[in-house]
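What follows is the residue order along each chain.
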Amino acid sequence: MVAVPSSSSSLRATVVRPFAQAAAASSSSAPTIDVPANLIIADASIFVKKTDEQVQEAKRLLHGIDQYQFALLPSQVPATAAVAAFADPTKVVGQVALNPTMFALPLRKDIVLNVVRYIRHARRQPKKTKRMSEIRGSNKKPRPQKGQGVGQVGHRRNSAWKGGQKAMGPVLRDYSIDLNKKVRALGTMMTIVAKFREGNLLLVDSLDLPTPKTKDLVGLLRAHGVADHTALVVDFAFPANFALASQNVEALQTADITKFNAFEVLRKQKLVLTARVFEELQAQLLYMYGQGGRRKIQQRAAACYDDAVAQGRAMLAAKQSQQS
């Protein structure tokens, strides 16, 4: 028994032999397997044992799960990340430390989705239409209830007449939702970690440009591998030349650190941060993620106060010892 022949638009040809013909040699070069005589298969390649690499690739394609989505051990997290010179893409000017608590996180889509929903609900602007009491006009009944042979009407600002109110129109409301501070910090950290594991995080020393020309900026971005992608650039304050040159780059979005959020990071393919911004973001997010309740905050404040008092007493004792 021979399977359906293959062509450019059909399945691959495979010779399938019944048990009775198992001993007979096949003249075809296609792979052969032994199956019952009452089973007809168009493509028997599904019975061929796959290698481990093929199995892993099939799972990745089926579920869309890549290796970087799972949690890493702290030992698997690099100790530092390279900081490139923005003016010279071939030069590495320094290193920044990577906190294992942040960069060993698993990438959970449910947490990131909740953070995105929180941001978008907070941005959503309510709409409102005027009600009858807000529209200018008389309260007098336009015509008698009976006797004129026309429909009944009690107000000339009703929703059926021109200039009247909007029937069941939207009203002002608050669309924002609540989300714990730790969850917001966790989702934001996951977006940064995802960009780092994908190789889409670029750390630079500064954003200084010698000229405010867009051509020069695009050339530097192309040398850094950012020009052909959408990118989010974050800094404390942008230099004048960079701010002017970036206005004509449509795929480039600039934002100061106060407006940094997970939603804007996900909308862009590349994330460009200065070294100072990266260290500040890492410290703030880890503080938010590890921050406890009111009692822990009071304990930390008391500990900081005790440390400050101890340092002051030590400085005073050293000063007195010098004077004596």
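What you are looking at is a predicted structure, and each value in this text was computed from that prediction instead of being measured.

Rules used in this analysis
- Residues numbered from 1 in each chain as written.
- Predicted model: local features only at pLDDT ≥ 70, side-chain atom pairs only at ≥ 80, totals over all residues.
- Heavy atoms only, no water.
- Phe/Tyr/Trp six-rings, centres within 6.5 Å; stacked < 30°, edge-to-face > 60°.
- Helix = DSSP H or I, 4+ residues; strand = E, 2+ residues; numbered from the N terminus.
- Buried < 20%, exposed > 50% of the residue type's maximum accessible area, 1.4 Å probe, protein only.
- 1 Å grid on protein atoms, 1.4 Å probe; cavity = no way out; pocket = protein on both sides within 12 Å on 5 of 7 lines; lining within 4 Å.
- Points joined across faces, edges and corners; volume = space filled by probe spheres on them.
- Arc of directions from axis to C-beta.
- Salt bridge = Lys/Arg side-chain N within 4 Å of Asp/Glu carboxyl O.
- Polar contact = N/O pair within 3.5 Å; in protein donor to acceptor, adjacent residues only side chain to side chain.
- Contact = heavy atoms within 4.5 Å.
- Pairing = 2+ DSSP bridges.
- Core = buried A, V, L, I, M, F, W, Y, C linked by side-chain atoms within 4.5 Å.
- pLDDT = per-residue confidence, 0-100.
- Axes fitted to C-alpha atoms, helices over the stretch in contact; angles between N-to-C directions.
- Left-handed = near helix turned anticlockwise from the far one by under 90°.
- Nonpolar A, V, L, I, M, F, W, Y, C, P; charged D, E, K, R; others polar.

A word on the packing of aromatic side chains
Note on aromatic pairs: each is described by the distance of the centres and the angle between the planes. Enumeration according to the criterion identifies four aromatic pairs in this entry. Seen from their ring centres, Phe-103 and Phe-196 are 5.2 Å apart, and the 75° between their planes marks the pair as edge-to-face. Separated by 93 residues along the polypeptide, Phe-103 in helix H2 (residues 100-103) and Phe-196 in helix H4 (residues 181-198) bring together distant segments of the chain. Look at Phe-103 and you get buried, because its relative accessible area is 2%. On the basis of relative accessibility, which here comes to 25%, the residue Phe-196 falls in the partly exposed class. Residues Phe-103 and Phe-278 carry aromatic rings whose centres are separated by 6.0 Å and whose planes lie at 45° to one another, so their mutual orientation is tilted.

What to know about the layout of surface pockets
Empty space within the largest pocket amounts to approximately 310 Å³. Taken together, 16 residues line the largest pocket, and the ones lying closest to its centre are Thr-188, Phe-260, Asn-261, Leu-285 and Met-288. Elements supplying a minimum of two residues to the lining of the largest pocket: helix H3 (109-123), H4 and helix H8 (275-290). With five residues, the top contributor of residues to the lining of the largest pocket is H3.

Topic: helix H5 (residues 214-223)
For H5, every residue scored as buried is listed here: Leu-217, Leu-220 and Leu-221. Projected down its long axis, H5 shows its buried positions confined to an angular sector of 100°, all on one face. Projecting away from the buried face of H5 at angles above 90 degrees are the exposed residues Lys-215 and Ala-223. Remark: Gly-225 follows H5 within two positions and exhibits a positive phi of approximately 80°.

Comments concerning the pattern of salt bridges
In total, this model carries five salt bridges according to the counting rule given. Across the salt bridge formed by Glu-134 and Lys-128, the nearest N and O atoms sit 2.8 Å from each other. Residue Glu-134 is classed as partly exposed on the basis of its relative accessible area of 38%. The partner of Asp-256 in a salt bridge is Lys-259, with the nearest N and O atoms 3.7 Å apart. Residues participating in the shared-partner salt-bridge network are Arg-123, Glu-264 and Arg-267.

Observations regarding the side chain of Asn-200
Counting through the fold element by element, Asn-200 comes out in the loop between H4 and strand E5 (201-204). Classification of Asn-200 as buried rests on a relative accessible area of 18%. Of the polar contacts made by the side chain of Asn-200, one reaches the side chain of Glu-198; its length is 3.1 Å. Separated by 3.0 Å, the side chains of Asn-200 and Lys-270 make a polar contact. Other than its neighbours up to four places away in sequence, Asn-200 contacts Lys-195, Gln-269, Lys-270 and Leu-271.

Describing unusual backbone geometry
Unlike most non-glycine residues, Met-168 shows phi in positive territory, near 55°. Looking at the secondary structure, you find Met-168 in the loop between H3 and H4.

Description of the pairing of strand E8 (residues 270-274)
Burial analysis of E8 places five of its five residues in the buried class, the great majority of the element. Residues Lys-270, Val-272 and Thr-274 point to one face of E8 and Leu-271 and Leu-273 to the other, with burial holding for every one of them. Sheet topology places strand E6 (residues 231-235) next to E8; four bridges connect them, and they run parallel. Bridging from a neighbouring strand, Ala-231 pairs with Lys-270 of E8.

Considering the nonpolar core
Counting residues in hydrophobic clusters, the biggest one holds 40 residues, and the most contacted among them are Met-102, Leu-203, Val-234, Phe-260, Leu-271, Leu-273 and Phe-278. Among the elements that make up this core, the one with the highest residue count is H4 (seven residues). Not counting chain neighbours up to four residues away, the residues in contact with Leu-271 comprise Lys-195, Asn-200, Leu-201, Leu-202, Leu-232, Val-234, Phe-260 and Val-265. Judged by nonpolar contacts, the second largest core, of 16 residues, contains Leu-207, Ala-231, Phe-242 and Ala-245.

A look at the side chain of Asn-261
Along the chain, Asn-261 turns up in the loop between strand E7 (252-256) and helix H7 (262-267). Accessibility expressed as a relative area gives 12% for Asn-261, which makes it buried. Among the polar contacts made by the side chain of Asn-261, one reaches the main-chain carbonyl oxygen of Lys-259 at a distance of 3.2 Å. Asn-261 has contacts with Ile-119 and Arg-123, leaving out every residue within four places of it along the chain.

A short note on the confidence of the model for the protein chain
On average, residues of the protein chain score 84 in pLDDT, and 85% of them reach the 70 mark or higher. Predicted confidence is poor over residues 1-29, with pLDDT under 50, and the contacts of this stretch with residues over four places away or in other chains come to 55 contacts.

Let's talk about the packing of H4 against H8
Put simply, H4 and H8 touch, their axes get as near as 8 Å, and they point 140° apart. Of the two elements, H4 crosses H8, and the hand of that crossing is left-handed. In this structure, H4 uses Lys-181, Lys-182, Ala-185, Leu-186, Thr-188, Met-189 and Ile-192 to contact H8, whose residues at the interface are Leu-285, Leu-286, Met-288 and Tyr-289. Grouping the amino acids of the contact of H4 with H8 by side-chain chemistry returns eight nonpolar, one polar and two charged.

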